[in-house]
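Structural overview
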Amino acid sequence: MPTLRLARRDDLGAINDIYNHYVLHSTCTYQTEPSTLEERQAWFEVHGVRHPVTVLEEEGRVIGWGALNKFHPRAAYGHTVENSVYLHHDQQGRGLGSVLLADLMDRAAQLGHHVVIAVIDASQAPSVGLHAKFGFVQCGHFREVGFKFGQWLDVVYMQKVI
Ligand SMILES: CC(C)(COP(=O)(O)OP(=O)(O)OC[C@H]1O[C@@H](n2cnc3c(N)ncnc32)[C@H](O)[C@@H]1OP(=O)(O)O)[C@@H](O)C(=O)NCCC(=O)NCCS
């Protein structure tokens, strides 16, 4: 079974590789150009103690990562976070998304966050299913707000009040 721990700077290359696969091949992220390592490092630096980044490691290889991201810069949103869960594309369906999300929800509670929000492309059944399994409920559906791979995309927001 993989081990789960906080991410370190030397994980950022693997985190970026996992993410960039989906940038190029999936609508699960609306980013259309791969992130550079420099951009990933800057992203990591703004994730302080209240916004952890985690990794799953197996036999010395990072196979997935999670994060609690600031939802909005205005101060009154300070107890709301948006979550990310990304597995290496050859690691889906092993229950590892659940492992990452369960840990993120524990961390969110321990850090005093009040609401976790998932922003999900509406066609991404695995992600919608994963969050529903953890008690997230749909709280918004935005039609045709994304455009990727030549098609308009709907986004659903799901939230869980801790
Ligand atoms: C979304 C993702 C993290 C799910 O991880 P996973 O390890 O495959 O999911 P799990 O095996 O833990 O499944 C958890 C639940 O998700 C749902 N699920 C998983 N795969 C599914 C699929 N192909 N279709 C529908 N629901 C699915 C099920 O409800 C499942 O519940 P169960 O364990 O009772 O069967 C993974 O598919 C992934 O990394 N996808 C690409 C990145 C992404 O979309 N991230 C989410 C953006 S925040």
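The following paragraphs examine the structure supplied in this document. All residue numbers refer to position in the chain's written sequence, counted from 1. Per-residue local features are limited, in this predicted model, to residues with pLDDT of at least 70; the limit for side-chain atom pairs, both in listing and counting, is 80 or more; totals at the level of whole chains, interfaces and linings are taken over all residues. With hydrogens and water stripped out, all remaining heavy atoms of the structure feed into the side-chain values.

**Focus on the packing of aromatic side chains**
- The aromatic pairing rule takes the rings of Phe, Tyr and Trp, using the six-membered ring of Trp, and pairs them if the centres are within 6.5 Å, calling planes under 30 degrees apart stacked, those over 60 edge-to-face and the rest tilted. All chains considered together, the criterion is met by eight aromatic pairs.
- Ring centres 5.8 Å apart and planes at 45° place the aromatic pair Tyr-22 and Tyr-86 in the tilted group. Here the residue Tyr-22 occupies a position in helix H1 (residues 12–25), and Tyr-86 occupies one in strand E4 (residues 80–87), the gap between them amounting to 64 residues. In terms of burial, Tyr-22 and Tyr-86 fall into one category: buried.
- Members of the aromatic cluster, each reached through a chain of ring pairs, are Tyr-19, Tyr-22, Trp-43, Trp-65 and Tyr-86.
- We count a charge as sitting over a ring when the NZ of a lysine or the CZ of an arginine lies within 6 Å of the ring centre and within 35 degrees of the ring normal. Directly above the aromatic system of Tyr-19 lies the positively charged group of Arg-40, at a separation of 4.9 Å from the ring centroid.
- Sitting over the face of the ring of Trp-43, Arg-40 holds its NZ or CZ atom 4.5 Å from the ring centroid. By the criteria applied, helices consist of DSSP H or I runs no shorter than four residues and strands consist of E runs no shorter than two, each listed in order from the N terminus. Exposure categories follow from relative accessible area, calculated using a 1.4 Å probe and restricted to protein chains: below 20% of the type maximum is buried, above 50% is exposed, and the middle band is partly exposed.

**A word on the packing of H1 against helix H2 (residues 37–45)**
- Angular values range over 0 to 180 degrees, each being the angle between N-to-C directions of two axes fitted as lines to C-alpha atoms, with helices fitted over their stretch in contact. It is at 10 Å that the axes of H1 and H2 come closest, and there the two elements cross at 110°. One way to sum up the angle between H1 and H2 is to call them roughly perpendicular. The residues of H2 that touch H1, namely those facing Leu-12, Gly-13, Ile-15, Asn-16 and Tyr-19, are Leu-37, Arg-40, Gln-41, Trp-43 and Phe-44.
- Here the contact of H1 with H2 is composed, by residue class, of six nonpolar, three polar and one charged. Any angle from 65 to 115 degrees is called roughly perpendicular, while one under 35 is roughly parallel, one over 145 is roughly antiparallel, and all others are oblique. By definition in these notes, contact holds between two residues if any of their heavy atoms fall within 4.5 Å. Ten residues, namely Ala, Val, Leu, Ile, Met, Phe, Trp, Tyr, Cys and Pro, are considered nonpolar, four, namely Asp, Glu, Lys and Arg, are considered charged, and the remaining ones, Gly among them, are considered polar.

**Description of the pattern of salt bridges**
- By definition, a salt bridge exists where a carboxyl oxygen of Asp or Glu is found within 4 Å of a side-chain nitrogen of Lys or Arg. Across all of its chains, the model carries eight salt bridges by this definition.
- Between Glu-58 and Arg-94 there is a salt bridge, and its shortest N-O distance comes to 3.0 Å. In this pair, Glu-58 sits in strand E2 (residues 53–58) while Arg-94 sits in the loop between E4 and helix H3 (96–110), placing the two residues 36 residues apart along the sequence.
- Exposure remark for Glu-58: the relative accessible area of 21% places this residue in the partly exposed category.

Function-wise, these values are silent; they only describe arrangement.
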